[in-house]
Amino acid sequence: MEKMRNILYICIMLLGIMCFVGCNDCHGNKKLLAQTDSLLQSRPDSALKLLNSIEKDVGFSEAEWMKFVWNCAQARYRMGMSLVEDSLLPGAIHYYREQKDSSRMLDSYLLEASYYKWMKQEERMDHSQVIELMEKILQYADKLSVRERSSVFYNLGLNMALINHPSSSDYFERSIDMALAAADTASACHYMRNYATALANNREYVKSNDLLRRVKRLMPAVGNHVMLQITFAENFLNLHQLDSARYYWNQAWANEQNHGGDKAEGFSVRSALVQLKTVLDYTSGTPLDIITFGRFADSVRVEMRDQNSVIEQQL
């Protein structure tokens, strides 16, 4: 009997200790979560380390759990990291919008846009929805940095161009002017290159070429980029200036041969070059040849199959 009483006493003590430790651990995790609020702006890396140290099955309330999800996404967003892991983010965004939390409204739109980008789900939002989202972000333009604001203008111009919206050029040009005013030449040239492509798609070939020349003046290294040379070649081909088109095709081909190791864009580059050569040769009197492009496509398929085989072996 005495032995049973002692065992019962020990069990009660152990249960009390476990409850005490669990309670303290819960309060400790809540303190860690609270500390991350002040670190998100200046030290997102430190905030993320603290968040990663919090146990996922801790006894948080709904509000605390939403803050945890939100802060994790914010830290990754500010560090330029992928948001693929943040599958609960849409729920947190909906939660704060339902709460009408004005302090988080701007960030909710920025996070939403970034989440769709990382999840490769931009195609699930039609361009009108993207435009609507960007216009909502602009309602809080005074809270954005110059670089963020120019990026929003650029994305508006890009999506408007895809649906032939008449205001697309205005937003492209505002984004470029703003980036240049902030001495952000790299972003300005990136915007100009894509604006030039949009103009070419709209058959404004001369204006597109003028923009590309401007990029070459501002950043000569970018001026030698193979995609820029391909756009030049395509524009001159559409302007029926075959000598200029051939000149830029030759530059692009040599450039691709020297720097053809970039597998990320290799297929699109080589595909564009082979198609352009077929058209240029035909307009110069050479018989039409589609077999070469077919062989090229087959070689890419084989290369991708071999790469996947290597990856599987490594895994």
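Residues numbered from 1 in each chain as written. Predicted model: local features only at pLDDT ≥ 70, side-chain atom pairs only at ≥ 80, totals over all residues. Heavy atoms only, no water.

In this model, the chain carries a mean pLDDT of 80, and residues with pLDDT of at least 70 account for 81%. Taking the mean pLDDT of every element in the chain, the minimum, 62, falls on helix α1 (residues 2-39) and the maximum, 94, on helix α10 (residues 205-218). Below pLDDT 50 for its whole length, residues 17-24 participates in zero contacts with residues either more than four positions away or in separate chains. (pLDDT = per-residue confidence, 0-100. Helix = DSSP H or I, 4+ residues; strand = E, 2+ residues; numbered from the N terminus. Contact = heavy atoms within 4.5 Å.)

Let's shift gears to helix α4 (residues 89-98). For α4, the complete set of buried residues consists of Leu89, Ala92, Ile93, Tyr95 and Tyr96. Viewed along the axis of α4, the buried residues span an arc of 160°, placing them on a single side of the element. A positive phi of about 55° marks lysine 100, the residue just after α4. (Buried < 20%, exposed > 50% of the residue type's maximum accessible area, 1.4 Å probe, protein only. Arc of directions from axis to C-beta.)

Positive phi is not limited to glycine here, since arginine 203 has a value of about 65°. Mapping arginine 203 onto the fold places it in the loop between α9 (185-201) and α10. The backbone of histidine 240 sits at a positive phi, close to 60°, despite the residue not being glycine. Look at histidine 240 and you get exposed, because its relative accessible area is 69%.

Under the definition given, this model contains 13 aromatic pairs. Ring geometry for tyrosine 95 against tyrosine 96: centres 5.1 Å apart, planes inclined by 75°, an arrangement best described as edge-to-face. Using a relative accessible area of 7% as the deciding quantity, one classes tyrosine 96 as buried. Ring geometry for phenylalanine 232 against tyrosine 248: centres 4.4 Å apart, planes inclined by 20°, an arrangement best described as stacked. (Phe/Tyr/Trp six-rings, centres within 6.5 Å; stacked < 30°, edge-to-face > 60°.)

Tallying each qualifying case throughout the model produces 12 salt bridges. Taking the shortest distance from any N to any O, the salt bridge between glutamate 173 and lysine 207 comes out at 3.5 Å. Here glutamate 173 is found in helix α8 (residues 168-181), whereas its partner lysine 207 is found in helix α10, with 34 residues between them in sequence. Since its relative accessible area comes to 32%, glutamate 173 is described here as partly exposed. On the basis of relative accessibility, which here comes to 36%, the residue lysine 207 falls in the partly exposed class. The partner of aspartate 210 in a salt bridge is arginine 213, with the nearest N and O atoms 3.2 Å apart. Taken together, the residues aspartate 210 and arginine 213, both in helix α10 and three residues apart, mark about one turn of the helix. Since its relative accessible area comes to 42%, aspartate 210 is described here as partly exposed. (Salt bridge = Lys/Arg side-chain N within 4 Å of Asp/Glu carboxyl O.)

Further remarks concern helix α3 (residues 62-78). With 17 residues, α3 extends 24 Å between its outermost C-alpha atoms, agreeing within 8% with the 24 Å of an ideal straight helix rising 1.5 Å per residue. Buried within α3 are the following residues: Met66, Phe68, Val69, Trp70, Asn71, Cys72, Ala73, Gln74, Ala75 and Arg76. Taken from the residues just after α3, glycine 80 is the one with a positive phi, measuring 70°. (Expected span 1.5 Å × (residues − 1).)

Counting residues in each nonpolar core, the largest one holds 31 residues, and the members touching the most others are Met192 and Ile230. With eight residues, the single largest contributor to this core is α9. Not counting the four nearest positions on each side in its chain, isoleucine 230 is found in contact with Ala252, Val269, Ala272, Leu273 and Leu276. Of all hydrophobic cores here, the second largest spans 18 residues; its members include Leu33, Leu89, Ile93 and Tyr95. (Core = buried A, V, L, I, M, F, W, Y, C linked by side-chain atoms within 4.5 Å.)

All right, on to the environment of alanine 196 then. Its place among the elements puts alanine 196 in helix α9. Given a relative accessible area of 0%, alanine 196 falls into the buried group. If we skip the residues at most four places from it in the chain, alanine 196 touches Ser208, Leu211 and Leu212.

Another point: the packing of helix α2 (residues 44-52) against α3. The geometry of α2 relative to α3 is characterised by a closest axis approach of 9 Å and an angle of 145° between their N-to-C directions. When the axes of α2 and α3 are compared, the crossing they make is left-handed. The residues of α3 that touch α2, namely those facing Pro44, Leu48, Leu51 and Asn52, are Phe68, Asn71, Cys72, Ala75, Arg76 and Arg78. The residue inventory of the contact of α2 with α3, partitioned by class, reads six nonpolar, two polar and two charged. (Axes fitted to C-alpha atoms, helices over the stretch in contact; angles between N-to-C directions. Left-handed = near helix turned anticlockwise from the far one by under 90°. Nonpolar A, V, L, I, M, F, W, Y, C, P; charged D, E, K, R; others polar.)

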